[in-house]
Amino acid sequence: MTGTTSTATGRAGRIALHTFLIATCLVWLAPVLWAAFASLRTIDDTNKNGYFSWPTELTLDNFGKAWEQAELPHYYLNTLIITIPALVITLFFSSMVAFVVSRFSFRFNLALLMLFTAGNLFPQQVIVTPLYRLYRLIELPEWLSESGSLLDSQLGVILIHVAFQTGFCVFVLSNYMKTIPMELTEAARVDGAGVFRQYWQVILPLCRPVLAALATLEFTWIYNDFLWALVLIQTGDKMPITSALNNLGGQFFKDNNLIAAGSLLVAVPTLVVFFTLQRHFVAGLPLGSTKG
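Computed from a predicted model, the values in this text were never measured in an experiment. (Residues numbered from 1 in each chain as written. Predicted model: local features only at pLDDT ≥ 70, side-chain atom pairs only at ≥ 80, totals over all residues. Heavy atoms only, no water.)

### Comments concerning the layout of surface pockets
Its boundaries defined by the atoms lining it, the largest pocket holds a volume of some 560 Å³. Lining the largest pocket are 18 residues, with Thr220, Asn224, Ala267, Thr270 and Leu271 sitting closest to its centre. Of all the secondary structure elements, the ones that give two or more residues to the lining of the largest pocket are helix H1 (2-39), helix H10 (208-223) and helix H12 (256-276). By residue number, the principal contributor to the lining of the largest pocket is H12, which donates 8 residues. (1 Å grid on protein atoms, 1.4 Å probe; cavity = no way out; pocket = protein on both sides within 12 Å on 5 of 7 lines; lining within 4 Å. Points joined across faces, edges and corners; volume = space filled by probe spheres on them. Helix = DSSP H or I, 4+ residues; strand = E, 2+ residues; numbered from the N terminus.)

### Brief notes about a nonpolar patch on the surface
A contiguous nonpolar patch, built from Ile89, Phe92, Phe93, Phe196 and Trp200 and spanning about 490 Å² of accessible area, is present on the exposed surface. Of all elements in the fold, only helix H4 (72-103) and helix H9 (195-206) reach the threshold of two or more residues within the nonpolar patch. In terms of residues, the nonpolar patch owes the most to one element, H4, which gives 3 residues. Tracing the chain through its elements places tryptophan 200 in helix H9. (Patch = residues over 30% accessible without salt bridge, like charges linked within 9 Å, V, L, I, M, F, W, Y side chains within 5 Å. Areas by Shrake-Rupley, 256 points an atom, 1.4 Å probe, with all protein chains shown as cover. Salt bridge = Lys/Arg side-chain N within 4 Å of Asp/Glu carboxyl O.)

### Examining helix H7 (residues 154-177)
Across its 24 residues, H7 extends 32 Å between first and last C-alpha, which sits within 8% of the 34 Å expected from 1.5 Å per residue. Taken as a whole, H7 carries its principal kink of about 35° at glutamine 165. Burial analysis of H7 places 19 of its 24 residues in the buried class, which makes it a mostly covered element. (Expected span 1.5 Å × (residues − 1). Bend = angle between axes of the 7 residues up to and from the residue. Buried < 20%, exposed > 50% of the residue type's maximum accessible area, 1.4 Å probe, protein only.)

### Structural notes on the environment of leucine 265
By secondary structure assignment, the location of leucine 265 is in helix H12. For the pair leucine 265 and glutamate 71, spaced 194 residues apart in sequence, the C-alpha to C-alpha distance is 12 Å. When neighbours within four sequence positions are excluded, leucine 265 is seen to be in contact with Phe63, Ala66, Trp67, Leu72 and Tyr76. (Contact = heavy atoms within 4.5 Å.)

### A closer look at the nonpolar core
Ranked by size, the top nonpolar core spans 52 residues in total, and within it Leu72, Cys207, Leu232 and Ile241 carry the most contacts. Ranked by the residues each element gives to this core, the list is headed by H7, at 10 residues. If we ignore the near neighbours within four places in the chain, the residues touching leucine 232 are Leu131, Tyr135, Leu151, Asp152, Ser153, Gly156, Val157 and Ile160. (Core = buried A, V, L, I, M, F, W, Y, C linked by side-chain atoms within 4.5 Å.)

### Some details on unusual backbone geometry
The phi dihedral of glutamate 71 is positive, around 55°, even though this residue is not glycine. In this fold, glutamate 71 is placed in the loop between helix H3 (61-69) and H4. Even without being a glycine, aspartate 152 presents a positive backbone phi close to 65°. Take aspartate 152: it is sitting in the loop between helix H6 (128-137) and H7.

### Examining the confidence of the model for the protein chain
Taken over all residues, the pLDDT of the protein chain has a mean of 85, while the share at 70 or more is 92%. Mean pLDDT values over the elements of the protein chain span from 67, in helix H13 (residues 278-284), up to 93, in H4. Segment residues 288-292: pLDDT under 50, and 8 contacts once partners within four positions in sequence are set aside and those in other chains are kept. (pLDDT = per-residue confidence, 0-100.)

### Quick word on the pattern of salt bridges
By the definition in use, this model includes 2 salt bridges. In this structure, aspartate 152 engages lysine 238 in a salt bridge whose closest nitrogen and oxygen atoms are separated by 3.8 Å. With aspartate 152 in the loop between H6 and H7 and lysine 238 in the loop between helix H11 (227-232) and H12, this residue pair connects regions lying 86 residues apart in the sequence. Like lysine 238, aspartate 152 is buried.

### Re the packing of aromatic side chains
Applying the stated criterion across every chain yields a total of 13 aromatic pairs. Between phenylalanine 99 and phenylalanine 104 the ring centres are 5.6 Å apart and the planes differ by 80°, which places this aromatic pair in the edge-to-face class. On the basis of relative accessible area, phenylalanine 99 is assigned to the buried category, the value being 3%. One aromatic cluster is present, built from ring pairs that chain together Phe99, Phe104, Phe196, Tyr199 and Trp200. (Phe/Tyr/Trp six-rings, centres within 6.5 Å; stacked < 30°, edge-to-face > 60°.)

Encoded structure:
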């Protein structure tokens, strides 16, 4: 009797868990599904029958209009110019810091890790004004910035992303590197490997799963950023893809169906990156979060 009761309780628990997970997925997917539904309708149809109505016709014209009107290819390129360097520099710097923190014992080891981690708790909006003024004062050669300063340059946006994203990556990578046996670096040291060779040829190859997981997260976060591009870039042609949606709205009228189609097109690269690295993402994300 006890065994039957426990089996029934376990089955009820699984049903409740799956019901909760399905409901959560529907809540998260509802806006995306609604945007996809709206993007397939014409503005005349929604103006006449309302958005909460069955469409009289479905069309893909909104996607073509959004692609051309928002100049998406140009803004995709701008976004890659910002996202790829920021991602590579962030992972490179954070992996070096994590290597030092996790593989060497020194007086300020823990304090250094706490310093990088504390940066994640700092609200970005707090430094908007001082950072804007600082960027105006930092001069750059014309070949690096047409404005002559960090302000209104894509380099400035790259640097602020590196500054804010490095802390989280250091925290995750250092926890993961601590799970790698110290004997590996000790053996490499005995064989004459220097510090950089230990990092580059011994530890870094073992961090591929967690690096792939971080690359997926960081690409999504940097790609979707709107705040820093809006604050630090003043020239419209230098803006990333998130600002391209502004080109779809008029001064007195907005075609929400067109904006929905543009939003879905803007989201495509993040989906491609996630599904490409999905296996590494699922395998690597928990690795640096439980031990340390």
